[in-house]
Every structure is written in structure tokens, then in C-alpha cells.
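One-letter residues, chain by chain:
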Amino acid sequence: MYIHYRLNVTSQCGAESGVQGVARQGLTGQDRVGGPASTPAGVPRNDPPLDGLTLDGRGALFDQIKRAVAGQILRGRWQAGQRLPNEAELSSLYGVSRQTVHKAIALLAREGFLVRRRRAGTFVATGRRDRFALPIEDIGDVVAREGHVYEFRIRDRKTLKNGQGIRWPDLPDGAPILALECLHFSDGTPIQHERRLINLDAVPEVEEEPFDSVAPSRWLVDRVPWSSADHTVRAVNATAEMAALLGVEAGAACLSIRRQTMHLSRAVTLVHFLSVGDRFSLSGSSITDSATELNL
């Protein structure tokens, strides 16, 4: 099971340098009535062909157009810096409204496939902001997979109201919350500290769960559906309190992960993990939404 999230750091697409000098080029090899488009003297043509953009018939038209254009880019047929046909031309090609084409192009620009420049046109980006996929899996599974013995310990548990000592920004004041503190071990050595909040309005049954044989993360993964999650990952130094719990020196390098899981726009759980830097690793893969849709 995987989640996707936007990386907080975005890079400049750099399309400006890649498209200088082509702002006056025709957008296709044909003009609106089927004859050759005029090209200013001395300006090389750099127009993507319009053939090969057949729709797949799956879902809304704007999604089909989005996949068709993204497929040309992902397969390398349209190169970085190339200018796309304008919205009127794409609208005529597919026999749809300009509004439908505009929506597809806007989504591709949001994913970082395209760069839109006023009065110049829409270009294939020279860099792209992809999504980073991380597995949502129980730390116990990770430890067991590496051939070690996993244990956990609930250090604190309490039920409270949001805004009373703890504030969860995405819940209203007064909403019931279960707050948990947990320590995770590998072969008896602490590797991760966990502070977790669970929305009792979303998961009321968790209030009766003793967590005597199953860790909170495992319990949630097995029983509670989710539709999206946001992560914030930072490198931090262990405070004296955390160092004592994790069995490291104060100031030791640690990985801090804050994750909020949602289901249908409703907050389910907010958790903060602190892991010892040399006892824990984090890996994932970059992929775009359109690459996922196209199974690439």
C-alpha cells in the first residue's frame, strides 16, 4: 500500500531558457485551413506533431486528453522546450470545447509537465515536480523483514478534547481525541518513538482497543480506510529527553516524520515519528499522477 505526497521543495522548470526565440513560431505544421503555416525567416520550426494523440475512451474527456498529451511527453515523443498546439487547435483536433482542453492542460501544468507562458504558448517543461511515493507500513513489518525481533511499548494513553493541551489544526475545538505515546524496538534496541492522535469521531472503536498485542500503527493499517496522506520529513537532533528514551547521546542525528492520514477529506490520525538516524532508513520512488494513470 502506497501514499503520494508533494515534495515541499520545488525546482524551477527552467523552460524560459529552453523556449527563447520560438515565441513567434506557428504551433503546428498546418495552418487552420490545412495549408503550411508561415514561419518567420531564420526561425527553425519546433512543433510537436498532432498525430498519435488518439483518446483511450476511459472516463471524462478532459482526463483522456490529459493522458494522451502526458503519454507523448513520458514516452519522449515531445521533448523539453517544445511548444504544444494551442487550445483552439487541440479543441478542433478532438472535437471538444476549449474549456475541456483548458482543464486538461491546466492539470498537466499543475503536475509540472507543462509550462504556460503568456503570449508565448504552452511548452513541455525542462524539469518536473513529481510526487514521491512512500509505503505506509507498520514498523513491525519492517523490523521482521530485516530478520529482527520486533517489540513495542505503550508509554502513555489518554482521551482528551481538541484544544485542551493539544491542538489538532484540522479538527474543531472540542473534538474527542485519543492521544498515544509508543516506543518501538528491534532486538530490544529502541529505534523509533511515536506520538499519535486519533480522531475518535472518525474511528470511535479505537477507544476500546487495549493495544496489548498489536501496535497502534498496525491496528490502523489493518482496520481503517484512508484516501490520502501528507508527510513532512526533517533531519533533527535528539533532545535530552528523546535521547534518553532512544538510548543515544543528546544531539544525535534523527529522522522526524510527521504524517496526517485522511479519508474522504476527514482527518483520521496525526502521528509524529522520531527515528534514530543510523537505525532507520526511509525509501520510496518518484512518479507522476499521469504515469500512474498510464501504468508507466
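Report on the accompanying structure. Remember, predicted model here, so these are calculated numbers, not experimental data.

Things to note about unusual backbone geometry
Even without being a glycine, arginine 119 presents a positive backbone phi close to 70°. Its identity as a non-glycine residue notwithstanding, aspartate 187 has a phi of 55°, on the positive side. Mapped onto the elements of the fold, aspartate 187 is located in the loop between strand S6 (176-186) and strand S7 (189-199).

Topic: the sheet that holds strand S9 (residues 253-263)
With antiparallel pairing, the six strands of this open sheet are ordered in space as S5-S6-S7-S10-S9-S8. Each edge of the open sheet carries a strand with a single partner, namely strand S5 (150-161) and strand S8 (228-237). If you compare each strand with its neighbour and ignore which way they point, the axes differ by 15° on average. With 11 bridges joining them, S5 and S6 adopt antiparallel strand pairing. Across the sheet, the residue bridging to arginine 157 is leucine 180, located in S6. Of the strands in this sheet, S5, S6, S7 and strand S10 (266-276) touch helix H6 (residues 216-223), which is tilted by about 50° from S7.

Some points on the packing of helix H2 (residues 61-74) against helix H4 (residues 98-111)
Direction vectors running N to C along H2 and H4 enclose 50°, while the axes themselves pass 8 Å from each other. It follows that H2 is oblique to H4 by the angle criterion. Seen along the crossing, H2 lies across H4 with a hand that is right-handed. Contacts between H2 and H4 pair Leu61, Phe62, Ile65, Lys66, Val69 and Ala70 from the former with Thr100, Val101, Lys103, Ala104, Leu107, Leu108 and Glu111 from the latter. Among the residues forming the contact of H2 with H4, the class breakdown is nine nonpolar, one polar and three charged.

Quick look at the pairing of strand S2 (residues 114-117)
Sheet topology places S2 next to strand S3 (residues 121-124); four bridges connect them, and they run antiparallel. Residue pairing for S3: valine 115 is matched across the bridge by phenylalanine 123.

Observations regarding the packing of helix H3 (residues 87-94) against H4
A pair of packed helices can be characterised by two numbers: the angle between their axes and the separation between those axes. Relative to each other, H3 and H4 sit at 115°, their axes nearing to 9 Å. The angle between H3 and H4 places the two elements in the roughly perpendicular class. The hand of the H3/H4 crossing is right-handed. The residues of H4 that touch H3, namely those facing Glu87, Ala88, Leu90 and Ser91, are Arg98, Val101, His102 and Ile105. Partitioning the contact of H3 with H4 into residue classes produces four nonpolar, two polar and two charged.

Notes on the packing of aromatic side chains
With the rule as written, the count across this model stands at two aromatic pairs. Each ring, one from tyrosine 150 and one from phenylalanine 152, has its centre 6.3 Å from the other, and the planes form 20°; the classification is stacked. Since its relative accessible area comes to 21%, tyrosine 150 is described here as partly exposed. Ring centres 6.1 Å apart and planes at 80° place the aromatic pair phenylalanine 211 and tryptophan 219 in the edge-to-face group. For tryptophan 219, a relative accessible area of 3% gives the class buried. When the ring centre of phenylalanine 62 is taken as reference, the NZ or CZ atom of lysine 103 above it lies at 4.0 Å.

Cut-offs applied
Residues numbered from 1 in each chain as written. Predicted model: local features only at pLDDT ≥ 70, side-chain atom pairs only at ≥ 80, totals over all residues. Heavy atoms only, no water. Helix = DSSP H or I, 4+ residues; strand = E, 2+ residues; numbered from the N terminus. Pairing = 2+ DSSP bridges. Axes fitted to C-alpha atoms, helices over the stretch in contact; angles between N-to-C directions. Contact = heavy atoms within 4.5 Å. Parallel < 35°, antiparallel > 145°, perpendicular 65-115°, else oblique. Left-handed = near helix turned anticlockwise from the far one by under 90°. Nonpolar A, V, L, I, M, F, W, Y, C, P; charged D, E, K, R; others polar. Phe/Tyr/Trp six-rings, centres within 6.5 Å; stacked < 30°, edge-to-face > 60°. Buried < 20%, exposed > 50% of the residue type's maximum accessible area, 1.4 Å probe, protein only. Lys NZ or Arg CZ within 6 Å of the ring centre and 35° of its normal.

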